[in-house]
Amino acid sequence: MLDRPAMPSRFYVTTPIYYVNDVPHLGHAYTTVAADALRRYHLLRGHEARMLTGTDEHGLKIERAAAEAGKTPQAFVDDVSARFREAWPILSAIPDDFIRTTEPRHEARVQELWRRVAANGDLYKGSYEDWYCVGCESFKTEKELLPGNICALHLKPVEKVQEETYFFRLAKFEQRLLALYRDRPDFIQPESRRNEVVSFVEGGLKDLSVSRTSFRWGVPVPDDPAHVMYVWFDALANYWTALGGDTDPLQRFWPGKGKDARAVHLVGKDILRFHAVYWPAFLLAAGFTEDELPSQVFAHGFLTIDGQKMSKALRNGVDPLRLARELGPDAVRYQLLRAIAFGQDGDFDHKELFARYHADLANTLGNLLQRTLGLTTKLTAGKPPRLAHDALDTALLSDEVRELEQLAAQRWDNLEIHRALESTWAIAALANQYVDHAAPWAAAKRGDTARVEVILATLLEVLGRLSVMVSPVLPNKSEEMRAQLGLAPLLPAIGQDLWPTAGKGHRGEALQTAKPLFPTFDKDAERAMLERLVPKPEPATTATATTAIAPSAAIATAAAPPRADGAPSSITYEQFIAVELRVGVVRECERVPKKDKLLRLRVDLGEQELRVIVAGLAQTFTPEALVDRRVVVVANLAPRDFGKGLVSHGMLLATGPSDALALASAPDGVAPGSRLK
Ligand code: MSP
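Residues numbered from 1 in each chain as written. Predicted model: local features only at pLDDT ≥ 70, side-chain atom pairs only at ≥ 80, totals over all residues. Heavy atoms only, no water.

## A few points about the sheet that holds strand β9 (residues 159-168)
Strand pairing in a sheet is mediated by backbone hydrogen bonds. Such pairs are either parallel or antiparallel. Read from one edge of the open sheet, four strands run β6-β5-β9-β11, paired in antiparallel fashion. One side of each edge strand has no neighbouring strand; the edge strands of this open sheet are β6 (138-140) and β11 (208-209). In terms of strand pairing, strand β5 (residues 123-133) meets β6 through three bridges, oriented antiparallel. By the bridge assignment for β6, Tyr132 is matched with Phe139. (Pairing = 2+ DSSP bridges. Helix = DSSP H or I, 4+ residues; strand = E, 2+ residues; numbered from the N terminus.)

## With respect to the nonpolar core
Counting 177 residues, the largest nonpolar core has Phe168, Tyr181, Leu266 and Trp279 as the members making the most contacts within it. Setting aside its immediate chain neighbours within four residues, Trp279 contacts Leu113, Leu236, Ala237, Tyr239, Trp240, Trp254, His265, Phe274 and Pro294. Among the nonpolar cores identified, the runner-up in size contains 19 residues, and Ala615, Phe621, Ala654 and Leu661 belong to it. (Core = buried A, V, L, I, M, F, W, Y, C linked by side-chain atoms within 4.5 Å. Buried < 20%, exposed > 50% of the residue type's maximum accessible area, 1.4 Å probe, protein only. Contact = heavy atoms within 4.5 Å.)

## A short note on the site of the ligand
Surrounding the ligand, one finds 23 residues, the nearest of these being Ile17, Asp56, Gly268, Asp270 and Leu303. The backbone of Tyr19 places a nitrogen or oxygen atom 3.1 Å from an oxygen atom of the ligand. In the environment of the ligand, a nitrogen atom lies 2.7 Å from a nitrogen or oxygen atom belonging to the side chain of Asp56. Here the ligand loses 92% of its free accessible area of 660 Å² to cover by the protein chains. Those elements giving two or more residues to the shell around the ligand turn out to be β2 (18-19), α1 (26-44), α7 (231-236), α8 (238-241) and β14 (261-268). Looking at which element gives the most residues to the shell around the ligand, the answer is α7, with three residues. Class assignment for the residues of the shell around the ligand results in 13 nonpolar, eight polar and two charged. (Near = heavy atom within 4 Å. Polar contact = N/O pair within 3.5 Å; in protein donor to acceptor, adjacent residues only side chain to side chain. Areas by Shrake-Rupley, 256 points an atom, 1.4 Å probe, with all protein chains shown as cover. Nonpolar A, V, L, I, M, F, W, Y, C, P; charged D, E, K, R; others polar.)

## Observations regarding the packing of helix α2 (residues 60-68) against helix α3 (residues 73-90)
Running from N to C, α2 and α3 cross one another at 95 degrees; their axes reach a closest spacing of 9 Å. Taken together, α2 and α3 sit at an angle that is classed as roughly perpendicular. Contacts between α2 and α3 involve Ile62, Ala65 and Ala66 from the former and Pro73, Phe76 and Val77 from the latter. Each residue belonging to the contact of α2 with α3 can be placed in one class, and the counts come to six nonpolar, no polar and no charged. (Axes fitted to C-alpha atoms, helices over the stretch in contact; angles between N-to-C directions. Parallel < 35°, antiparallel > 145°, perpendicular 65-115°, else oblique.)

## Regarding the side chain of Asp224
With respect to the helices and strands, the residue Asp224 is situated in the loop between β12 (211-212) and β13 (228-229). In terms of polar contacts, Asp224 uses its side chain to reach the side chain of Lys125, at 2.9 Å. Looking at Asp224, its side chain comes within polar contact range of the side chain of Tyr166, at 2.5 Å.

## Here's the deal with the confidence of the model for the protein chain
Of the residues in the protein chain, 91% have a pLDDT of 70 or more, and the chain-wide mean is 89. Counted against residues more than four places away or in other chains, residues 537-567, with its pLDDT under 50, gives 59 contacts. (pLDDT = per-residue confidence, 0-100.)

## As for the state of the cysteines
Following the criterion strictly, the structure yields zero disulfides and no others. Distance from the sulfur of Cys133, which forms no disulfide, to the nearest cysteine sulfur (Cys151) is 3.7 Å. Taking relative accessible area as the criterion, Cys133 reaches 3% and is therefore assigned buried. (Disulfide = S-S within 2.5 Å.)

## Considering the sheet that holds strand β17 (residues 308-309)
Within the open sheet, the three strands sit side by side as β17-β16-β18. Their pairing is mixed. The outermost strands of the open sheet, each flanked by one partner alone, are β17 and β18 (346-348).

## Focus: α1
Given 3.6 residues per helical turn, the α-helix brings residues three or four places apart onto the same face. Between its first and last C-alpha, α1 extends 26 Å over 19 residues, near the 27 Å set by a 1.5 Å rise per residue. Among the 19 residues in α1, 18 count as buried, and that is most of the element. Two residues or fewer past α1, Gly46 is found with a positive phi of approximately 85 degrees. (Expected span 1.5 Å × (residues − 1).)

## Things to note about the packing of aromatic side chains
Per the stated rule, a full pass over the model turns up 30 aromatic pairs. Centre to centre, the rings of Tyr30 and Phe342 are 5.9 Å apart; their planes meet at 75 degrees, and the pair counts as edge-to-face. Pair noted here: Tyr30 is in helix α1 and Phe342 is in the loop between α11 (329-339) and β18, with a separation of 312 residues, a long-range link. Classification of Tyr30 as buried rests on a relative accessible area of 1%. For Phe342, a relative accessible area of 6% translates into the label buried. Arranged with centres 6.1 Å apart and planes meeting at 45 degrees, the rings of Phe139 and Tyr230 form a pair that is tilted. With Phe139 in strand β6 and Tyr230 in the loop between β13 and α7, this pair connects stretches of sequence that are 91 residues apart. Residues Phe139 and Tyr230 agree in their burial class; the two are buried. Through successive ring pairs, a cluster of aromatic residues spans Trp114, Tyr166, Phe168, Phe173, Trp232, Phe233, Phe274, Tyr278 and Phe282. Its guanidinium or amino end placed over the ring of Tyr132, Arg212 lies 4.5 Å from that ring's centre, counting from NZ or CZ. Of note, Arg273 hangs over the ring of Phe200, and the distance from its end group to the ring centre comes to 3.6 Å. (Phe/Tyr/Trp six-rings, centres within 6.5 Å; stacked < 30°, edge-to-face > 60°. Lys NZ or Arg CZ within 6 Å of the ring centre and 35° of its normal.)

If you want it as structure tokens, here you go:
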């Protein structure tokens, strides 16, 4: 049936290390929760499992973010890194290690990796002149850029870099990489992503600049301290540096010939190329053999929130940690891993989150537990019937259920997480149907105690098995289930496979009173929660700067003594920099029906989509007069809802009376999205 080769007994799973120019968001939470669920699954199977996450703290992007925040790079990275470290347990994601690229243990080992590559002759000094995108921390060829030298991913202008650099002989590894992809089709997954990488490498590789001299915030190049390492050389190495030196026992997690280890890098699709091309090439250059490369690089898709691209400026108001505090970590984990096909793009939709919470968690799983415990209390006075495994009802404990159990495991092994959950919940659905068909209450009414016992014992057995199968995704609720079922907490041990199999005894001793596993809530509570989770725009003043430039209350309260008009007499640099002023170009403009003061503009801020801004400009300007005008936009103002679907996502700066307004502007050469500061 589903026989397959045994999985290696050591499993090492990594997330990307997150840039500290941002705080933890749902995209980061997604990979981290997936890695944690895989870690937990492998522990259940008796494997030695290890999960690594951490923060990527060097590079120009971070150096600039620190300057913007008015902090030294070290103080800045210390603060933000701590936020990541503290975030994951709130989602019940418990990494075994958290690496920071500014730690001495990392810096020393990454220098060691550099030395090995250099000793093999794969680094040489030259001079570089090309475009660089600080957002990607990556060099760009002209053909990768949009007109006007704009990065196609960040939609921001790239910078010309000209400096002395060390080159890495990437081109030399072209054929070895292609052979690797051919001989190990699993190395890059999913398949469609693998094909993209293969075509990219087949298109020809150029040597890669791997050091910089124009800034200092990086790991110094050994024996040449004028250079710091390219941030991706530094960052990718974390997966290896975190396992310590060559003789460190943790090295048992790193794959090698005859070694019983599987190492999987989970990454977003945007950073696959770095992991599937550069990283194996760096390792090969450092003397690793093909057998000593990671087992797999798995690229997941991108999340949108309620159908909208996640935008850093607005963050769509969604904070994964607040979500976990409201609904519990397990519900958030379940939605992330079940609603979004692992490997594809997907939407995190709040309405669907609530619908799935009720359908899958409360009604299917929770209800099965409650009904079974309720019936046991009622029909057998709460004493779980003790029957041998072969006396249980094969109408439920059928081949179908056994196959679903194995299929779920196979899907976990293959990183088809959403499908593993599908198989698991299919068992819960079958069990619910079984309760209806078997109707233990009817058997009790007939006085058929033996039948009642068979039915209840069978249901308790299936619930016990389900408590194991759901535990990678619902670690807390699995424990609650087990406590209610009178089962001991799950204690994974190396070499002991806890995945359900027949006859393992999944029935507890003393049952507890049933308590709803996932308490339900009505539409009003849902609306209230939605309001807390996706905050409504703050009440704004008018849409032009003449009044609205007085910034948010938070800024005003922290400032120096107020002036007579209530505004602070001075603000700090941090307070100023919190207001994102950006250059925009008006691309479209129209009147707003029945609102004679308002115009609806679509403004190019260098983002993927034009920003809709509603402004009180109609008494001064016709819509035509504004198209192509350069404007200054407050880009991070909370959205303002004018009702009837009219929402403004920013504000233009202007001065003067409402029928003679003058718009703040910017010189022609400045790219849309450029920040004023
Ligand atoms: N620091 C690098 C990774 C170095 S790994 C050696 C980096 N950091 S990041 O913080 O910008 O991104 C980390 C991860 O978040 C990436 O895998 C990226 O794909 C992921 N996501 C960012 N936005 C996302 C979504 N909207 N949806 C899903 N994942 C997203 O890149």
